[in-house]
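# Report on the structure
Below are the chains, spelled out letter by letter.
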Amino acid sequence: MERQKRLSGRMFQSRLSSKDVTGKERWLGYLLGPSGALLLNAVLASYLNVFYTDVLNLTSVWGGAFLTIFPIISKIIDAVTNFTMGQVIERTRTAQGKARPWLLLAAPLMTISGILLFAVPRASQNVQVIWVMLSYNLFYSFAYTIYNMSHNLMVPLSTRDVKQRGSLSVFNNVSSVMMSGIIVALIFPMIVMPALGANQAAWLQFMSVLAILVLPLTLVEYYFTRERITEEAAENNAADIPMKQQMKAVFKDPSWLIFMAFFFLYNFGAQLKNIALVYYCNYVLGTYNDGITQTLVSVIGGIPMGIGIFAVWPLARKFGKRNVTMAGFVLYGIGSAVCLLSPKNMVIVLVGQFIKNIGGLPCAYVMSALFADVLDHIEWRYDFRCDGFSASMQTIIMTCTTGLVSGLFNFLLSRTGYIAPVYDAVTGVTTGFTQGSATQNMITFCFVGVEVITSVVIFLLLWKFQAEKNVVKEQEEIAARRNQKE
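A brief look at the structure comes next. Quick caveat, the model's predicted, so the values are computed rather than measured. (Residues numbered from 1 in each chain as written. Predicted model: local features only at pLDDT ≥ 70, side-chain atom pairs only at ≥ 80, totals over all residues. Heavy atoms only, no water.)

## Regarding the packing of helix 14 (residues 321-341) against helix 15 (residues 346-359)
In plain terms, the rule: All axes here are fitted lines through C-alpha atoms, helices being fitted over the stretch that makes contact, and every angle between N-to-C directions spans 0 to 180 degrees. Secondary structure elements are defined from DSSP: runs of H or I of at least 4 residues count as helices, runs of E of at least 2 residues count as strands, and each element is numbered from the N terminus. Should an angle fall under 35 degrees it is taken as roughly parallel, and over 145 as roughly antiparallel, whereas 65 to 115 is taken as roughly perpendicular and any remaining angle as oblique. Here a crossing is called left-handed whenever its near helix is offset anticlockwise from the far helix by less than a right angle, and right-handed whenever the offset is clockwise. Contacts are assigned to residue pairs that have any heavy atoms within 4.5 Å of one another. The residue classification treats Ala, Val, Leu, Ile, Met, Phe, Trp, Tyr, Cys and Pro as nonpolar and Asp, Glu, Lys and Arg as charged. All others, Gly included, are polar.
Between helix 14 and helix 15, whose axes approach to 7 Å, the crossing angle comes to 165°. Here helix 14 lies roughly antiparallel to helix 15, going by the angle between them. For the pair helix 14 and helix 15, the sense of crossing is left-handed. Contacts between helix 14 and helix 15 pair Gly328, Phe329, Leu331, Tyr332, Ile334, Gly335, Ser336, Val338 and Cys339 from the former with Ile348, Val349, Gly352, Gln353, Ile355, Lys356, Ile358 and Gly359 from the latter. Taken together, the residues of the contact of helix 14 with helix 15 sort by class into 10 nonpolar, 6 polar and 1 charged.

## Considering the nonpolar core
Heads up, the condition is: Side-chain atoms within 4.5 Å are what join buried Ala, Val, Leu, Ile, Met, Phe, Trp, Tyr and Cys residues into a set we call a nonpolar core. The cut-offs for exposure are 20% and 50% of the maximum accessible area for each residue type, with area from a 1.4 Å probe on protein chains only; residues under the lower value are buried, those over the upper are exposed, and the others partly exposed.
In terms of nonpolar packing, the biggest core is built from 134 residues, with Tyr52, Phe259 and Phe409 touching the most fellow members. Examining the composition of this core, we find that 20 residues originate from one element, helix 12 (residues 254-285), more than from any other. Not counting residues within four places of it along the chain, the set of residues in contact with Phe409 comprises Asn49, Leu272, Ile275, Ala276, Tyr279, Met442, Ile443 and Cys446.

## Quick notes on the pattern of salt bridges
Should their charged atoms come close, side chains of opposite charge can pair. The condition is simple: Criterion for a salt bridge: a side-chain nitrogen of Lys or Arg within 4 Å of a carboxyl oxygen of Asp or Glu.
On inspection of all chains with the given rule, the structure shows 17 salt bridges. The closest approach of N and O atoms between Asp78 and Lys75, which form a salt bridge, is 3.4 Å. Here Lys75 and Asp78 lie together in helix 4 (residues 66-90), a separation of 3 residues that amounts to about one turn. The pair formed by Asp78 and Lys75 is uniform in burial state, with each residue classed as buried. As a salt-bridge pair, Arg385 and Asp376 come within 3.0 Å of each other at their nearest N and O atoms.

## Some remarks on the side chain of Asn148
Locating Asn148 in the fold gives a position in helix 6 (residues 125-152). Of the residues examined, Asn148 reaches a relative accessible area of 6% and is grouped as buried. Among all residues touching Asn148, those that are not within four sequence positions of it are Thr395 and Met398.

## Notes on the state of the cysteines
Put simply, the rule reads: Working definition: a disulfide is two cysteine sulfur atoms within 2.5 Å of each other.
Tallying each qualifying case throughout the model produces 0 disulfides. The thiol of Cys339 is not disulfide-bonded; the next cysteine sulfur, from Cys281, is found 11 Å away.

## So, helix 18 (residues 437-463)
Spelled out, the test is: To estimate the expected span of a helix, subtract one from its residue number and multiply by 1.5 Å. The reported bend at a residue is simply the angle between two axes, fitted to the 7 residues ending at it and to the 7 residues beginning with it.
Taking 1.5 Å as the rise per residue, helix 18 with 27 residues should run 39 Å; its terminal C-alpha atoms sit 39 Å apart, in good agreement. Largest kink in helix 18: about 45°, centred on Cys446.

And the structure:
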């Protein structure tokens, strides 16, 4: 019996034993491991709405109200489960940490629910609507919530070493950029989307493969990450802090509030841009699934992301993460404005996208490290950590923003007279239609106009952000307190 317990314990142990971050941890735990879930989520962020509007043709259901109201209500449910999951993580006590163990549950749930999203039966419209609501909430309100809450805490709980934590943040975001900026943005519009068209059976087959890949890769993330800060707290018998006390602490801290406001605005602009991208390339800049327009836009956007792997962190170490991010948002806003000058001119749009994506590099690669600085600052100020609550608030913001953006965009599609493409089952050809000027203008504003505004506001917010300023000194004081308690 004892031998079985030992074997069982080893089965779930992290494959990392070093006190310092290792190469194996960076490459497997933070680059390869998250790639499955991040790829599936990136595909869904860009194309699930296209599946609903173009394949299932749900734009006109209930006079356009369904795709307007359904995402918002679903994300309210998702926000509740996110908050609950944050408290569950905060109260989880295992030898493997408080966040990592939940990756084991999330892995099979994401695979199953990811397939169900596209297995919508060929039945009446009411049956399809019910299936869409149930499968959407199973994936986002439960499966991906569990994963995302745990995954977002991996960098902040990995180590206190600022340099090592910054390195993990870069690797973590490289994985995200590779999935969304290379595979989803390049391969999908050039090869996958023209092949899928509005053929529901083809969508189901392809998306099932992506969902199945999530399971083994998420297990790699589990086995090659480690919560050193959680282990440190366990050794010092850190007490559970009541939620009310945590809320009082974070809502009184300017750095925490600024970070969350910045996080909301960035996600609002980025998600509205992402959901509009396919429609913009199909109906404004190019023609329906031409296989080249979206690819060109994405290639120009992806080149800076590749350069950023090598450039961002050295610049952040020299000038500060906040300062580099602020400078980036100046370029981000300028690039968006350039695109807005002539949104149907390919050359001008590509130039604007290149400038914009250069500006987006710092935010893409160091946001996790900035979040970790905020959490350390909270611990220094109040002598307790608020990881679970802060992660739940971060995920709630992203969740509610997704619902708001999806509902708003679908409402605008319906009100401006969007015409869905038609799939001919006999010939296997999908035909897209020319959209009216009102629809084209709305899509253009969502793709490039909104982020001109959000960039300015984010720059002003970061001007007041101070968590990074004294993080090394604050960590030294935290360590001194810990030694005193021991």
